[in-house]
Amino acid sequence: MNPAHTTDVPDTEPHRIAADTWLIPNLAPAGDGLYLPANSMVIRGREPVIVDTGAPVHREQWLDKVFSVVEPEDVRWIFLSHDDGDHTGGLFDALERCPRATLVTNFFSVERLALEKPALPLHRMRWIEPGGSFDAGDRVLHLFRPPIFDGPTTRGLFDPKSQAMWIVDTFACLTPGSLDAADLHDDVLAQMPAMNSAVSPWHAWLDRATYTRHVDAVEALGARTVASAHGPVLRGRQLDDAFDRVRGLAGAPIIPTPGQELLDTLIGTTLLEATA
Ligand SMILES: [Fe+2]
Ligand SMILES: [Fe+2]
């Protein structure tokens, strides 16, 4: 059975997180009553933008949710943060259903996707690097390199008009269900460094001063609402804390991920359920 379709996953619906900006949420079970978010976003301005295209396990829900917020023929931009599978689940569907949309991506994403997907339409793309931007009619959207990333092609997106930011794989954090950090206990958010260490274990070799300058520069863009693919929406003090938490990873030891012990437990539980 597709784990994303098990009945114990809380229902999530698209919701407005900033002016013209909608979170497209989906959750995947992560054990112990926790869930891994696999979000994307829609900016519904003069030239609507789909921001990332969800995970393959959520493809059908993702399409339903995105096109409940924006009409396919109105979409003018599909921003692909990077080529990882959990961000490209609905990419080809979106390109097909949104014939007026231009895909914002980059050379290396296209190179990497060429090894696993059908050819992308080069004439429908724009390649933009961190520091670059594109004009979506009533706003100019800025690309930047997020503080934490697990793919070299990753670019975040900042909308100065709404002061909303898409920070991709940074600030990943399992949730008991809510996708608004204001609803979550600090103990839940305190797990963020473990997930971010798993995403970017190279933090252990970072020079603290150099990395702090980079995180400071991202923070200085001035976002008031920060959404991510794998964590809750952050604002205010919780957003400040999140930036501090990733700064604190520079030069810190890698936080170990679960090993054989967890696998043994999972196999034991599965066998127990099978014989019950
Ligand atoms: Fe990724
Ligand atoms: Fe991701």
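Our structure's up above, just so we're on the same page.
All values reported here derive from a predicted model rather than from experimental measurement.

Draft legend 1. Broad picture of the layout of surface pockets. Computed from the structure, the largest pocket encloses a volume of approximately 730 Å³. Lining the largest pocket we find 25 residues, and of these A30, L34, L174, M195 and P258 sit closest to its centre. Contributions of two or more residues to the lining of the largest pocket are made by helix 5 (192-199) and helix 8 (260-275). Per element, the largest residue contribution to the lining of the largest pocket is 4 residues, and it comes from helix 5.

Draft legend 2. View of the environment of D84. Structurally, D84 can be placed in the loop between strand 7 (77-79) and helix 2 (91-97). For D84, a relative accessible area of 16% gives the class buried. Put simply, D84 and L36 are 48 residues apart on the chain and 16 Å apart in space, counted from C-alpha to C-alpha. What D84 contacts, discounting residues up to four positions off in sequence, is R112, D150 and D169.

Draft legend 3. Summary view of the coordination of the iron ion (ligand 1). The coordination sphere of the iron ion (ligand 1), as far as protein atoms go, consists of H82 (NE2), D84 (OD), D150 (OD) and D169 (OD), spread over 2.0 to 2.2 Å. Geometry at the iron ion (ligand 1) is irregular, judged from the 4 donor atoms that bind it and their angles of 80 to 164 degrees at the metal. The sequence pattern describing where the donors of the iron ion (ligand 1) fall on their chain is H-x1-D-x65-D-x18-D.

Calculation rules
- Residues numbered from 1 in each chain as written.
- Chains lettered and ligands numbered in written order.
- Predicted model: local features only at pLDDT ≥ 70, side-chain atom pairs only at ≥ 80, totals over all residues.
- Heavy atoms only, no water.
- 1 Å grid on protein atoms, 1.4 Å probe; cavity = no way out; pocket = protein on both sides within 12 Å on 5 of 7 lines; lining within 4 Å.
- Points joined across faces, edges and corners; volume = space filled by probe spheres on them.
- Helix = DSSP H or I, 4+ residues; strand = E, 2+ residues; numbered from the N terminus.
- Buried < 20%, exposed > 50% of the residue type's maximum accessible area, 1.4 Å probe, protein only.
- Contact = heavy atoms within 4.5 Å.
- Donors = N, O, S within 2.8 Å, 3.2 Å for Na, K, Ca; no water.
- Tetrahedral: all angles 85-135°; square planar, octahedral: opposite > 155°, others 65-115°.

Worth remembering: the numbers are spatial, not functional.
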